[in-house]
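# Fold and geometry: a report
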Amino acid sequence: MEHITLLLGIVIVTALVFDFTNGFHDTANAMATTISTGALKPKVAVAMSAALNLVGAFLSVEVANTISKGLVDETGIRPEVIFAALVGAILWNLVTWLVGLPSSSSHALMGGLVGATIASAGTGAVHGDVLVGKVLLPAVAAPVVAGLAAMVATRLSYKLSGGADTKATKKGYRAGQIASAGLVSLAHGTNDAQKTMGIITLALVAGGAIAPDSNPPVWVILSAGVAIALGTFLGGWRIIRTMGRGLTDLQPQQGFAAQTSAATVILASSHIGFSLSTTHSVSGSVMGAGLGRKGGVVRWSTATRMAVAWVLTLPAAALVGALAEWVTGFGTWGTALVAVFLVASSFAIWRRSRHEVVDHNNVNDTEEPPGVVTQAIAAVTPPPAGTLTDGLTATIPAPAEPTVNPSAQSRVA
Amino acid sequence: MHIDWSALGSVFGVSLGISVALVALFTLGVAGLSKKETAQGGSAVAAATGAYVCFAACAAAVAYGISLIITK
């Protein structure tokens, strides 16, 4: 093994921890619809996704390095900067997991990297046009593209199947859904595990342990693949619940249309060279499938909270990354302080999550009552527009108290 | 600032086209299979054949998807 300093060791471990959070944060992308429609049992779903993530990690090394290439100036990047970036990304991933909101792990990582780089080398080292073209625009485009595709596909599907017996067709759609979910898992493994490989390789280069332009060493590929698979297997049940149940109610046919559209968008976009975030695509396609069924509902309050989290992802991770970079600037004890802070706050978030456990047993229950953080986010978002009525229960005058009733449903004609 | 609108446009078009086509094909396949159970004689055979053709096309699309992931 190469010569690895203590600092470099810390960076590598932190990168693997990020990979792990990435895994459990993004399980929802592949498996939320599969779990909520009952196509697979929750445990089976995450196990399948984890296995495919692991396989995906070994398929190629081409994507490694793409996360950092072009976005920030690589020359003169120090291991401390990467460490600070990872701290920002991990904390944002954990906070959004706690409130059960799907957000892009890639954006969190890029945000952390941007923030740490600005704190370290000034704003000049960040390529703003790349930021807009590769991060912001795709974030807006992904849910629109995937949502429209899923909506049209769902509409057509219901029209074509006409009066077909739902009991007989259910099994078919489940099989189709599992295939699409498998594709998303595989694509996730090749993309996101390689981002971590890229980060670790970058850190090794920055620390002088391996030569520039090296391919990731085998142990890096192996550990990154295992870390993301473990995270996926643990399952981010909170996010799965929001994505599978919180946004809309999915029937097997809709789940199939949503997952297929998402898989198509993800593969088509990365093939054509305009990469769209997996999380944004899946969220969009779930909403599109919700709108595509006659009488389907989309809970715009949940969607709005999700959108707010997306907007905040980059700046929030950047802020934490910048702060962490500033503290590491004080030398060894600064770095140690940041490491302790990361461990302590991760533990605190985990403790907080134990107050209301969400796991494979209650992942398909209706949405949890909003917690403190969720309410805080709901309070800063505008109330959902439109008449808020619920077909099954009495009409609730929700617009009068939008923050008290954030899970109110907005019926879509 | 350069934004690759044509790439975005083709992602949009290709995604929409393929998603809708795949979901439609699969729906026809599923509907065909359920029809097979209720229909009799020649129409049942026709429905089943049609269904399997649809599923084969979907399987081909999945295989192409996997090849895209691997060769990236």
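Positions within a chain are numbered from 1, following the residues in the order the chain's sequence is written. Just so you know, chain letters begin at A and ligand numbers begin at 1, following the order they were written in. Restriction of local features to residues with pLDDT of at least 70 applies here, the model being predicted, together with a cutoff of 80 or more for giving and counting side-chain atom pairs; totals for whole chains, interfaces and linings are based on all residues. In computing side-chain values, all of the structure's heavy atoms are included and hydrogens and water are not.

Per an unreviewed UniProt entry, chain A carries the name Phosphate transporter and comes from Streptomyces populi.

Residue and element names in this part refer to chain A. UniProt positions are given in the numbering used here, feature names are shortened, and annotations may be inferred rather than shown by experiment. The UniProt entry lists residues 6-24, 44-61, 81-101, 108-126, 132-153, 218-240, 303-324 and 330-350 under the feature "transmembrane region" (unreviewed entry), expressed in the numbering used here. Regarding residues 6-24, the helix share stands at 100% and the strand share at 0%, and the terminal C-alpha atoms are separated by 27 Å. Comment: elements are numbered from the N terminus, with helices defined as DSSP H or I runs of at least four residues and strands as E runs of at least two. The span residues 108-126 shows a helical share of 74% and a strand share of 0%, and its end C-alpha atoms are spaced 16 Å apart.

This part covers the side chain of A:T313. All names here are of chain A. Mapped onto the secondary structure, T313 falls in helix α11 (residues 300-328). For each residue, the accessible area found with a 1.4 Å probe, counting protein chains only, is set against the maximum for its type, and the residue is called buried under 20%, exposed over 50%, and partly exposed in between. Using a relative accessible area of 1% as the deciding quantity, one classes T313 as buried. Ignoring any residue separated from it by four or fewer positions in sequence, one finds T313 in contact with W92, S103, S104, H107 and A108. Whether two residues are in contact is decided by their heavy atoms: any pair within 4.5 Å suffices.

This part is about the nonpolar core. Formed by 80 residues in total, the largest nonpolar core has its most connected members in A:I82, A:L86 and A:L204. Ranked by residues supplied to this core, first place goes to helix α3 (residues 79-98) of chain A with 14 residues. The term nonpolar core refers to a set of buried residues drawn from Ala, Val, Leu, Ile, Met, Phe, Trp, Tyr and Cys, joined through side-chain atoms within 4.5 Å. Core analysis: the second largest hydrophobic core is formed by twelve residues, A:A153, A:F256, B:V23 and B:C58 among them.

Right, let's talk about the interface of chain B and chain A for a bit. In many reports, interface size means the accessible area that the parts give up when they come together. Chain B puts 32 residues into the contact, and the matching count from chain A is 43 residues. Here's the idea: put two parts together, see how much 1.4 Å probe accessible area each one loses, and the total over both is what we call buried area. Of the roughly 3200 Å² buried between chain B and chain A on both sides combined, carbon and sulfur atoms contribute 85%. The definition of a polar contact used here is a pair of N or O atoms within 3.5 Å, where within protein one atom must be able to donate a hydrogen and the other to accept one, and adjacent residues in sequence count solely through side-chain atom pairs. There are one residue pair in polar contact (both at pLDDT 80 or more) connecting chain B and chain A. Elements with a contribution of two residues or more to the side of chain B that touches chain A: α1 (5-38) and α2 (42-71) of chain B. When residues are sorted by character, Ala, Val, Leu, Ile, Met, Phe, Trp, Tyr, Cys and Pro go into the nonpolar class, Asp, Glu, Lys and Arg into the charged class, and all the rest, Gly among them, into the polar class. Across the side of chain B that touches chain A, the residue classes tally to 23 nonpolar, six polar and three charged.

The subject of this paragraph is the environment of A:S185. All names here are of chain A. Assignment of secondary structure puts S185 in helix α6 (residues 166-206). Under the relative-accessibility criterion, S185 is labelled buried at 0%. Separated by 47 residues in the primary sequence, S185 and T232 place their C-alpha atoms 9.5 Å from one another. Contact partners of S185, with chain neighbours within four places excluded, come to A30, M31, S49, L52 and N53.

So, on to a nonpolar patch on the surface. Residue and element names in this part refer to chain A. Judged by side-chain polarity, L319, L323, W326, F330, W333 and L337 come together as a nonpolar surface patch covering roughly 730 Å² of accessible area. Breaking the nonpolar patch down by element, the ones donating at least two residues are α11 and α12 (332-354). The greatest single-element share of the nonpolar patch, amounting to three residues, is contributed by α11. For L319, the location among the structural elements is in helix α11. Classification of L319 as exposed rests on a relative accessible area of 56%. Residues with no salt bridge and a relative accessible area higher than 30% make up the patches, which join like charges within 9 Å and nonpolar side chains (Val, Leu, Ile, Met, Phe, Trp, Tyr) within 5 Å. All accessible-area figures derive from a Shrake-Rupley calculation using a 1.4 Å probe, and residue coverage is judged against the displayed protein chains alone. In what follows, salt bridge is the name for a side-chain nitrogen of Lys or Arg lying within 4 Å of a carboxyl oxygen of Asp or Glu.

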